[in-house]
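# Close look at the chain arrangement
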Amino acid sequence: MKRSTIPLLIALLITACTQTPAERLTQYVNPLIGSGGHGHVFVGASVPFGMVQAGPTSINQAWDWCSGYHRSENSVIGFSHTHLSGTGIGDLFDITVMPIIGDVTYARGTIDNPHSGLWSPADRGNEITRPGYYAVPLTRYGIKAELTATERTGVHRYTFPASQEAAIVFDLENGGCWDRTTECHMQAVGNNRITGYRHSKGWAHAQRVYFAAETSKPFDKFELHGRDSMYGRASFGTTEGEQIILKVAISPVSIEGAEAALALETKGKDFETITAMAAEAWENELAKIEVTCRSDEEKTIFYTALYHCMMAPVLFSDTNGNYPGADGNIYNSPTPRYTNFSLWDTYRAKQPLMTIIEPQRAGAFVASMVDICDRQGRLPVWHLWGNETNCMVGDPAIPTVADAIVKGIGGFDREEAFEAIKKTAASNERGKGLRNTYGYIPCDLFGEAVAYELEYALADGAAANAAKTLGKSNDAEYFTRRSQSYRRLFDRESRFIRGVDSAGLFRKEFNPYYSAHRADDYCEGNAWQYTWLVPHDICGYAPLFGGREQMLAKLDSLFTAPSTVEGAPSPDISGMIGQYAHGNEPSHHIIYIYSMLGEPHKCARLVRKVMQEQYRNAPDGLSGNEDMGQMSAWYIMSALGFYEVEPASGRYWFGSPTVQRAELSVEGGTFVIETKDNSETNIYIKNITLNGKPHPLPYIMHSDIARGGTLTIEMSDTPTMWYNMQYK
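So, here is what we can say about the structure in this document. (Residues numbered from 1 in each chain as written. Predicted model: local features only at pLDDT ≥ 70, side-chain atom pairs only at ≥ 80, totals over all residues. Heavy atoms only, no water.)

### A word on the packing of aromatic side chains
Note the threshold: Ring pairs shown here join Phe, Tyr and Trp side chains whose ring centres sit within 6.5 Å, with only the six-membered ring taken for Trp; geometry is labelled stacked below 30 degrees between planes, edge-to-face above 60, and tilted in between. Per the convention used, a helix needs a DSSP run of H or I reaching at least four residues, while a strand needs a run of E reaching at least two, with both numbered from the N terminus. Buried means the residue's accessible area, taken with a 1.4 Å probe over protein chains only, is under 20% of the maximum for its type, while exposed means over 50%, and partly exposed covers the values in between. Only when the NZ atom of a Lys or the CZ atom of an Arg is both within 6 Å of the ring centre and within 35 degrees of the ring normal do we say a charge sits over the ring.
Evaluated as defined, the whole model comprises 40 aromatic pairs. The interplanar angle of 90° and the centroid separation of 4.9 Å between the aromatic rings of Tyr-338 and Phe-365 together place this pair among those described as edge-to-face. Highlighted residues: Tyr-338 in strand β22 (residues 338-339) and Phe-365 in helix α7 (residues 359-376), separated in sequence by 27 residues. The residues Tyr-338 and Phe-365 share a single accessibility class, namely buried. In textbook terms, an aromatic cluster arises when at least three aromatic residues are bridged by ring pairs, as seen for Tyr-486, Phe-490, Trp-532, Tyr-541 and Phe-545. In this structure, Arg-348 is placed above the aromatic ring of Trp-344, and the distance from its NZ or CZ to the ring centre is 4.8 Å.

### Remarks on the side chain of Asp-371
Just so we agree on the cut-off: Distance and chemistry together define a polar contact, namely a pair of N or O atoms within 3.5 Å, with one atom able to donate a hydrogen and the other to accept it when in protein, and with adjacent residues in sequence counting only for side-chain atoms on both sides. The criterion used for residue contact is that any of the two residues' heavy atoms lie within 4.5 Å.
Within the fold, Asp-371 resides in helix α7. When its relative accessible area of 7% is taken as the criterion, Asp-371 is described as buried. Of note is the side chain of Asp-371, whose polar atom sits 3.0 Å from the side chain of Arg-375. Setting aside its immediate chain neighbours within four residues, Asp-371 contacts Tyr-323 and Arg-337.

### Structural notes on empty space enclosed by the protein
To keep things clear, this is the line we draw: Lining residues are those with an atom within 4 Å of a point, where the points come from a 1 Å grid over the protein atoms alone and group into cavities, where a 1.4 Å probe fits but cannot get out, or pockets, open sets with protein on both sides within 12 Å along at least five of seven lines. Grid points are joined across faces, edges and corners, and a volume is the space filled by probe spheres set on the points.
Under the defined criterion, the tally for this structure stands at ten cavities of 30 Å³ or more. The computed volume of the largest cavity comes to approximately 90 Å³. Along the walls of the largest cavity sit Tyr-347, Arg-348, Leu-458, Leu-533, Pro-535, His-589, Tyr-643, Glu-644, Val-645 and Pro-647, which together make up its complete lining. One number sums up the size of the second largest cavity: a volume of about 80 Å³.

### Considering the sheet that holds strand β32 (residues 642-643)
To be explicit about the condition: Following DSSP output, two strands are said to pair if at least two bridges run between them.
The three strands are arranged β32-β33-β38 in an open sheet whose pairing can be described as antiparallel. The open sheet has two free edges, formed respectively by β32 and β38 (699-701), since each of these has just one partner strand. Bridge analysis of β32 against strand β33 (residues 651-654) gives two bridges, and the strand direction is antiparallel. Counted as the bridge partner of Tyr-643 is Trp-653 from β33.

### Examining unusual backbone geometry
In the segment running from Ala-312 into Pro-313, the intervening peptide bond is cis, with an omega of -5°. Note that Pro-313 resides in the loop between α4 (296-309) and β19 (314-315).

### Points about the side chain of Ser-587
Note that Ser-587 resides in the loop between β31 (580-581) and α16 (593-596). In contact with Ser-587, not counting residues within four places along its chain, are Gln-529, Tyr-580 and Ala-581.

### Brief notes about the pairing of strand β16 (residues 231-238)
Of all eight residues in β16, eight are buried; the element is thus mostly enclosed. Here β16 shows a buried face lined by Tyr-231, Arg-233, Ser-235 and Gly-237 and a second buried face lined by Gly-232, Ala-234, Phe-236 and Thr-238. Sheet analysis places strand β11 (residues 163-171) next to β16, joined by seven bridges and oriented antiparallel. Bridged to Ile-168 within β16 is Ala-234. As judged from the five bridges shared by strand β15 (residues 221-225) and β16, these two strands associate in the antiparallel manner.

### Details of the pattern of salt bridges
One side chain can pair with another of opposite charge once the charged atoms of both are near each other. This is how it is decided: We count a salt bridge whenever a side-chain nitrogen from Lys or Arg sits within 4 Å of a carboxyl oxygen from Asp or Glu.
This model, assessed by the stated rule, comprises 45 salt bridges. In this structure, the salt-bridge partner of Glu-151 is Arg-152, at a minimum N-O distance of 3.5 Å. Glu-151 sits in the partly exposed class, given a relative accessible area of 36%. With a relative accessible area of 8%, Arg-152 lands in the buried category. For Lys-432, the salt bridge identified is with Asp-395, shortest N-O distance 2.7 Å. Taken together, the residues Lys-432 in helix α10 (residues 432-438) and Asp-395 in the loop between β25 (387-388) and α8 (397-406) connect sequence positions 37 residues apart. Neither Lys-432 nor Asp-395 differs from the other in exposure class; each is buried.

### A short note on the packing of α4 against helix α18 (residues 630-640)
Formally: Between the N-to-C directions of two axes lies an angle of 0 to 180 degrees, each axis being a line fitted to C-alpha atoms and, for a helix, fitted only over the stretch in contact. Working definition: roughly parallel below 35 degrees, roughly antiparallel above 145 degrees, roughly perpendicular at 65 to 115 degrees, and oblique for all remaining angles. Crossing handedness follows the turn of the near helix against the far one: under a right angle anticlockwise gives a left-handed crossing, and clockwise gives a right-handed one. Residues are grouped as follows: nonpolar covers Ala, Val, Leu, Ile, Met, Phe, Trp, Tyr, Cys and Pro; charged covers Asp, Glu, Lys and Arg; every other residue, Gly included, is treated as polar.
Between α4 and α18, whose axes approach to 8 Å, the crossing angle comes to 130°. By the angle between their axes, α4 is oblique relative to α18. Relative to α18, the crossing made by α4 is left-handed. Between α4, through Glu-298, Ile-301, Phe-302, Ala-305, Leu-306, His-308 and Cys-309, and α18, the contact on the second element is made entirely by Ser-632, Ala-633, Tyr-635, Ile-636, Ala-639 and Leu-640. Per-class residue counts for the contact of α4 with α18 are ten nonpolar, two polar and one charged.

### Some remarks on the environment of Val-43
Positionally, Val-43 belongs in the loop between α1 (6-18) and β1 (45-46). A sequence separation of 59 residues divides Val-43 from Gly-102, and the C-alpha atoms of the two residues are 28 Å apart. The residues touching Val-43, leaving out its near neighbours within four places in the chain, are Pro-31, Leu-32, Ser-35, Gly-55, Pro-56, Tyr-69, Thr-129 and Tyr-134.

### Concerning the environment of Ala-618
For Ala-618, the location among the structural elements is in the loop between α17 (600-613) and α18. Beyond its immediate stretch of four places on either side in the chain, Ala-618 contacts Leu-32, Ile-33 and Gly-34.

### Topic: the sheet that holds strand β12 (residues 180-189)
Taken together, the eight strands give an open sheet; going across it, the order is β7-β8-β9-β10-β17-β14-β13-β12, and neighbouring strands pair in antiparallel fashion. The open sheet has two free edges, formed respectively by β7 (128-130) and β12, since each of these has just one partner strand. Ignoring strand direction, the axes of neighbouring strands in this sheet form an average angle of 15°. Of the pairings in the sheet, the one linking strand β10 (residues 153-160) to strand β17 (residues 242-251) comprises eight bridges and is antiparallel in character. In the strand pairing of β17, Tyr-158 is matched with Ile-244. Against the sheet, helix α3 (residues 271-286) makes contact with β7, β8 (133-138), β9 (143-149), β10 and β17, and its axis sits at roughly 50° relative to β9, the strand it touches most.

Structure, rendered in structure tokens:
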């Protein structure tokens, strides 16, 4: 169907006339937060949850370049159309294009030799990055590169100098980090279109990306170059300041799918129109939460965090609904399918946040996970571009799917989803066969046994909650019993969770400060952090310590212990407060345990400390990997004043809100959070009302938020026990 752009342009004009720049939420996004340090965020142009992330890719392929960009150096080998954001492993970087002048070496190149490849230094002093738009001058060639995007298309505008040797090179050789091309092809179709594909193997073992590209100016010739003809050069003659627009659509299914996206999403639209559309898409998504903060600095940190939360999962179906299943076959769905599920990270705060402000999309995420289970036999662990990577421990999709069931999220069949949970939990893979035999995973028979066991136990707790919601009492009893397996690993003498061998004995060598990455009983952590990975059963856990007071004393010691981590630890163990490690996910819920145990003032102090010290408006503004939105989601939830500790519980525990006011777009309308007397010193909750009525509970239910209403939180500079401890 032919669609006119006139109504869109009129709407954009009206918006521009009626809003001042200060009212645009996108102005409070700094995409460079997390682009330094170990944040690993994507920098470039995209739309929320879009298939395309069009941005620069550097020569460097070391750990801090997992996203293709790091603030510490300025090389650009080209502009790729797929990137990851915040991950600890790199992959993708597909269909890389580079505008050039003159003869070049068709290779990635090396940083010590400016002419060893296509690459150019980028003029970071004149770099511009904002939601939906990226621009940077390439100093080697004197070319200005600008990027924007639709869901499936990257749109480039290159401003060339006068030259008879101008060109745009398509690079199908270079991905990033682990990624290597296994098969590729490209060809010219006429004199302004190029089509092809790139198959590769890396972290994703069988990645397939198809593309269709179109230039605004006909090219004089198109030639293949380099190793195995993996570079295609479209040559032009250009005048000074001449601009060439390049549109590159991608598909995980076929060239035809990419061509359909190119036509549907960009036909008849110029660069400025698409840039405005991308900005408006981000504005609409960011408006799901409208906040008043104490300063513009806080507001920038907040909206940048929300922006980072909306980078993934990414769309994985064509415009006609075709998508590749986890079994490699092509299927069709009338609803969007998604991929890039970093679930070990995001089940904790990112996915719960989506259930509040993006319930329809959260349902589509779960539908995609259930579909993956149908194709590969179990729910995803870490699904990347349709491939199961099995990265990280446990069954992290179970808490996410169970959470959606408990909260009544629509868009998927709840019975089918629960069957997927049962099927995944019953699998003997990834240590679960040993767990079924011994009742726990023996540390002498399986690596990272403690981490796997605790993650499986909390997933069982989430499954039990889903079963209760669905009225399946037998299943609820079964999963509740399994969820208590953590008790077998608790050492009452040291009061730490420890590895237990196949003889039922604790591992002899034990040092709670010790961590050996991928070579001990934990995963990216040590006994100090993992002793608290029992979020689903805090009340049942306390008696193992000897009671609530003893548990609190142990919790206090976590934050006062020396911050030393001995051995050969993962760099993910960062953001230390004592042995609390905010830079990695296993610690994220721990502070809120204080509210569960009746000491909310300690929760408030620590929440504020983390927010003030470990989230900054700077490239090195995050204490660890951003992890596909999880690090940011912790900040958003905490700034709003609550956090979901127990997976799939449907309740959020209060901490210490920093926003003055927030309006959340929820399923039932608008949920307002207003704080009174909130300041840097008034960090303690004094009183809460919900819809004008007293709310003497340390938590709020998801249903209370989802139906809309007003939550009023009165703050004070004095610790107060403002809720009744006789809750369940």
